[in-house]
Amino acid sequence: QVQLVESGGGLVQPGGSLRLSCAASGRFFSDYFMRWYRQAPGKQRDLVATITSGGNTVYGDSVKGRFTISRDNTKNTLYLQMNSLKPEDTAVYYCNAWRRIVGGVLDYWGQGTQVTVSS
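To start, this report covers the structure provided alongside it. (Residues numbered from 1 in each chain as written. Predicted model: local features only at pLDDT ≥ 70, side-chain atom pairs only at ≥ 80, totals over all residues. Heavy atoms only, no water.)

It is worth spelling out the sheet that holds strand β3 (residues 18-25) at this point. Across the sheet, which stays open at both edges, the four strands sit in the order β1-β3-β8-β7 with antiparallel pairing between neighbours. Only two strands of the sheet have a single neighbouring strand rather than two, namely β1 (3-7) and β7 (67-72). Sheet twist, expressed as the average angle between the axes of neighbouring strands with direction ignored, equals 15°. (Pairing = 2+ DSSP bridges. Helix = DSSP H or I, 4+ residues; strand = E, 2+ residues; numbered from the N terminus. Axes fitted to C-alpha atoms, helices over the stretch in contact; angles between N-to-C directions.)

Okay, here's the thing in structure tokens:
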């Protein structure tokens, strides 16, 4: 069992920056693919960024060059550095942990943290 707790959200002006954190409890954090998703009001949940257990990263087109995903396996923590924020980045941001096991997958979600970009 893995529990995920996001933090770092808030209100920021366009062009500003925020860093989200996701603290994970449980074992084998380093074995998980970790992802950030976001969901704006009335819209589907979209994948923002992925970091593999090996440290490889993939980004959604809308955040490439502005957001950076990283992980610290010694602290069991995932990060999302968000720069040059735009109003369209406003959403609830969710942390996800995923790994394949024999016979299926393990898939855990945090409760989300609100990011609002507005002047």
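Don't stop here, the text continues.
Tracing the backbone shows Ser119 in the segment after β11 (113-117). Distance from Ser119 to Val48, taken between C-alpha atoms, is 23 Å for residues 71 residues apart in sequence.

Bringing the pattern of salt bridges into the picture now. Pairing between side chains of opposite charge can happen when their charged atoms approach one another. Going through the model one piece at a time under the given rule, you end up with three salt bridges. A salt bridge links Asp89 to Arg38; the shortest N-O distance between them is 2.9 Å. Highlighted residues: Asp89 in the loop between β8 (77-82) and β9 (91-101) and Arg38 in strand β4 (residues 33-39), separated in sequence by 51 residues. Taken individually, Asp89 and Arg38 each receive the classification buried, so the pair is uniform in this respect. Here Lys64 makes a salt bridge to Asp61, at a shortest N to O gap of 3.2 Å. Its relative accessible area of 67% is what places Asp61 among the exposed residues. (Salt bridge = Lys/Arg side-chain N within 4 Å of Asp/Glu carboxyl O. Buried < 20%, exposed > 50% of the residue type's maximum accessible area, 1.4 Å probe, protein only.)

To continue, consider the pairing of β3. In the sheet, β1 pairs with β3 via five bridges, with the strands oriented antiparallel. What sits directly across from Glu6, in β3, is Cys22.

Turning next to the nonpolar core. Judged by nonpolar contacts, the single largest core of 28 residues is most densely connected at Leu4, Met34, Trp36, Leu80, Met82 and Tyr93. For this core, the elements supplying multiple residues, two or more each, are β3, β4, β5 (45-51), β7, β8, β9 and β11. Leu80 has contacts with Leu18, Arg19, Leu20, Trp36, Val48, Ala49, Phe67, Thr68, Ile69 and Tyr93, leaving out every residue within four places of it along the chain. (Core = buried A, V, L, I, M, F, W, Y, C linked by side-chain atoms within 4.5 Å. Contact = heavy atoms within 4.5 Å.)

A separate point is the packing of aromatic side chains. Two measures describe an aromatic ring pair: the distance that separates the ring centres and the angle between the ring planes. Using the criterion set out here, one finds three aromatic pairs in the structure. A centroid spacing of 6.3 Å and a plane angle of 55° characterise the contact between Tyr32 and Tyr108, whose relative ring orientation is tilted. Pair noted here: Tyr32 is in the loop between β3 and β4 and Tyr108 is in strand β10 (residues 104-109), with a separation of 76 residues, a long-range link. Taking relative accessible area as the criterion, Tyr32 reaches 4% and is therefore assigned buried. For Tyr108, a relative accessible area of 13% gives the class buried. For the pair Tyr37 and Trp109, a centre-to-centre distance of 4.9 Å together with 50° between the ring planes defines the contact as tilted. Of this pair, Tyr37 sits in strand β4 while Trp109 sits in strand β10; the two residues are 72 residues apart in sequence, bridging distant segments of the chain. Above the ring of Tyr94, the side-chain terminus of Arg45 is found at 3.7 Å from the ring centroid. Above the ring of Tyr32, the side-chain terminus of Arg99 is found at 5.5 Å from the ring centroid. (Phe/Tyr/Trp six-rings, centres within 6.5 Å; stacked < 30°, edge-to-face > 60°. Lys NZ or Arg CZ within 6 Å of the ring centre and 35° of its normal.)

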